[in-house]
Amino acid sequence: MLKPGDPAPPFDLECALDGRTARCSLAKIPSELVLIFFYPRDFSFICPTEVIGFNKALKEFAAEETTIVGVSIDNVDSHLRWARELGGIAYPMLADPEGSLARAYGIFDENEKVALRATFILDRRRKVAYSSSCPLNIGRSVIETLRIVRALRTGQLCPADWTPGVEFGPTGRDF
Amino acid sequence: MATVDPAEKRRLFERLSSIREIVFGVQDGVLTTAGVLCGLSGAVSQHSQVALAALASTAAGALSMGAGAYLGARAEAEVLRAELHLVRADAAEKPYTVQEGLLDELCKEGLSREAAFRVVRLLSTAPRALESTAEAKMFGLGGAVLGKPALDGVVMGIAFLVGAVVPLLPYMLITAQRYDLGAALLATAFTLFGVGYFEGWLAHRSDRWRSGIRFLTIALIAAAAGYAIGLAISPLGATAG
């Protein structure tokens, strides 16, 4: 699994976006940060809570100059139907049917043949600024991910459970 | 169009669930008693002693088989109940694991992931339906699997008795030493063939006679082996006497 500081593998994949098929290329994403969240499968019972959760928080992430990208091994048709089932998803849902992108990020579960629940936040230079993964049966916290994004954007030393408004750590340290 | 009453079908399945005890009990009763008769006939010369020993063996066998079936079914039911309890507690705490598990099972059985998702989502609106479907599909557990230990024990004991009477009755009725064992074995052979045929009939098989022949073959082998062992140990009885 890629760790902070690693260069992010580029991608240019088909995706479902706003109810239609499109292409999504990392090189063409202009925002300061890119949040890539991998999830195991469409049409499951934990993934939708995350997919909808990130969709609901889309504006807050956009306010933090962050583009959200979802990825699973399902194809675009499945993503389109899944997004329709969920009431519409306004960020690109990338199709990675071979799992090649998941493998490039080091989070492909070879036993289950799906991507782990892994989150990567890429910085302006498209290097990994943050990465995490959790078991297939546990959903991620959208609020926590947003907190990380906000913390990363401060460029400061953020203590545990830092949230906007809380004092930063000592300055002038190389971290 | 012919319709099947699910309640009636369910009752039929419940009755059929005793077929294992019936077939096992009858077969064991017939074979054990025929084996005892063959073995003792080889070792003991007096007809009445052989019949008495076979009667004692029948009583002990029926009680033992009944108790064994009861204890076995009870132990199985207790273990399954404990497992079901764990599964239900886990499902109550983490319903999504049940939903995901059931979804996977339905996909394995041929439903598309999308269709399986819709089925599971629909089932999730009635927690009891989701629970029972998940138990059956994911773990192969259901109410019928838990069985009825007391009934199993009684059925097994009676089946053994019925089976044992088959060779015993002609043996006791025909006192002529030349024909007693032959009559017992003939009755045994017919009964075993009949049990096999009956099992084939229940299973709606076209080659019911094949099941009968299988049962009969086993009986012949068991009887021959019992007789041979009786002959082999008869010198020991002579030495001890």
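Residues numbered from 1 in each chain as written. Chains lettered and ligands numbered in written order. Predicted model: local features only at pLDDT ≥ 70, side-chain atom pairs only at ≥ 80, totals over all residues. Heavy atoms only, no water.

Chemist: Describe the side chain of Ser72 of chain A, with residues and values.
Modeler: Residue and element names in this part refer to chain A. Of note, Ser72 is situated in strand E4 (residues 66-72). What makes Ser72 buried here is its relative accessible area of 1%. A polar atom in the side chain of Ser72 sits 2.8 Å from the side chain of Asp74. Leave out the neighbours within four places in its chain, and Ser72 touches Tyr39, Pro40, Asp42, His79, Leu94, Ala95 and Asp96. (Helix = DSSP H or I, 4+ residues; strand = E, 2+ residues; numbered from the N terminus. Buried < 20%, exposed > 50% of the residue type's maximum accessible area, 1.4 Å probe, protein only. Polar contact = N/O pair within 3.5 Å; in protein donor to acceptor, adjacent residues only side chain to side chain. Contact = heavy atoms within 4.5 Å.)

Chemist: Help me get a handle on the confidence of the model for chain B, residues and values and all.
Modeler: Overall, the prediction assigns chain B a mean pLDDT of 81, with 88% of residues at 70 or greater. Considering each helix and strand of chain B separately, the mean pLDDT is smallest for helix H7 (residues 143-146) of chain B, with a value of 59, and largest for helix H5 (residues 113-123) of chain B, with 90. (pLDDT = per-residue confidence, 0-100.)

Chemist: Provide a residue-level description of the sheet that holds strand E1 (residues 12-17) of chain A, including the pertinent values.
Modeler: Residue and element names in this part refer to chain A. One open sheet accounts for seven strands, arranged E2-E1-E5-E4-E3-E8-E9; its pairing is mixed. Edge positions in the sheet fall to strand E2 (20-25) and strand E9 (128-134), since each has one partner strand and no second. Along the sheet, successive strands turn relative to each other by an average axial angle of 25°, direction set aside. Direction of pairing for strand E3 (residues 33-38) relative to E4: parallel, over a ladder of six bridges. Directly across from Ile36, in E4, lies its bridge partner Val69. (Pairing = 2+ DSSP bridges. Axes fitted to C-alpha atoms, helices over the stretch in contact; angles between N-to-C directions.)

Chemist: Break down the packing of helix H3 (residues 47-93) of chain B against helix H4 (residues 95-108) of chain B for me, with residues and values.
Modeler: Residue and element names in this part refer to chain B. The contact between H3 and H4 brings their axes to 5 Å, and the two run at 110°. One way to sum up the angle between H3 and H4 is to call them roughly perpendicular. Between H3, through Asp90, Ala91, Ala92 and Glu93, and H4, the contact on the second element is made entirely by Pro95, Thr97 and Val98. Across the contact of H3 with H4, the residue classes break down as four nonpolar, one polar and two charged. (Parallel < 35°, antiparallel > 145°, perpendicular 65-115°, else oblique. Nonpolar A, V, L, I, M, F, W, Y, C, P; charged D, E, K, R; others polar.)

Chemist: Can you explain the nonpolar core? Please cite residues and give values.
Modeler: Grouped together as the largest cluster of nonpolar side chains are 34 residues, with contacts concentrated most on Val51, Phe54, Phe61, Trp82, Tyr91 and Met93 of chain A. Among the secondary structure elements, those contributing two or more residues to this core are E3, helix H1 (47-56), helix H3 (76-85) and helix H5 (142-154) of chain A together with H4, H5 and helix H6 (127-139) of chain B. Formed by 28 residues, the second largest nonpolar core is a distinct cluster that contains Ala8, Cys24, Leu26 and Val128 of chain A. (Core = buried A, V, L, I, M, F, W, Y, C linked by side-chain atoms within 4.5 Å.)

Chemist: Go over empty space enclosed by the protein with me, naming the residues and quoting the values.
Modeler: All names here are of chain B. Within this structure, the stated rule accounts for one cavity of 30 Å³ or more. Size it by volume and the largest cavity reaches roughly 40 Å³. Looking at the largest cavity, the residues that line it are Val87, Arg88, Ala91, Val98, Glu131, Ala134, Glu135, Met138 and Phe139. Where the lining of the largest cavity is concerned, the elements lending two or more residues are H3 and H6. Top contributing element to the lining of the largest cavity by residue count: H6, with five residues. (1 Å grid on protein atoms, 1.4 Å probe; cavity = no way out; pocket = protein on both sides within 12 Å on 5 of 7 lines; lining within 4 Å. Points joined across faces, edges and corners; volume = space filled by probe spheres on them.)

Chemist: Would you mind going over the interface of chain B and chain A in detail, with residue names and values included?
Modeler: Taken together, the 10 residues of chain B in the interface contact 10 residues of chain A. Summed over both partners, the interface of chain B with chain A comes to about 1,100 Å²; 58% of that surface belongs to carbon and sulfur atoms. Of all residues in chain B, Arg113, Glu114 and Phe117 of chain B bury the most surface against chain A, accounting for 51% of the area lost on that side. The tally of links between chain B and chain A comes to three salt bridges. Note that Arg81 of chain A and Glu114 of chain B form a salt bridge whose closest N and O atoms lie 2.2 Å from each other. The interface formed by chain B and chain A holds six residue pairs in polar contact (both at pLDDT 80 or more) in total. Elements represented by at least two residues in the side of chain B that touches chain A include exactly H4 and H5 of chain B. In terms of residues, the side of chain B that touches chain A owes the most to one element, H5 of chain B, which gives six residues. (Buried area = accessible area lost by both parts, 1.4 Å probe. Salt bridge = Lys/Arg side-chain N within 4 Å of Asp/Glu carboxyl O.)

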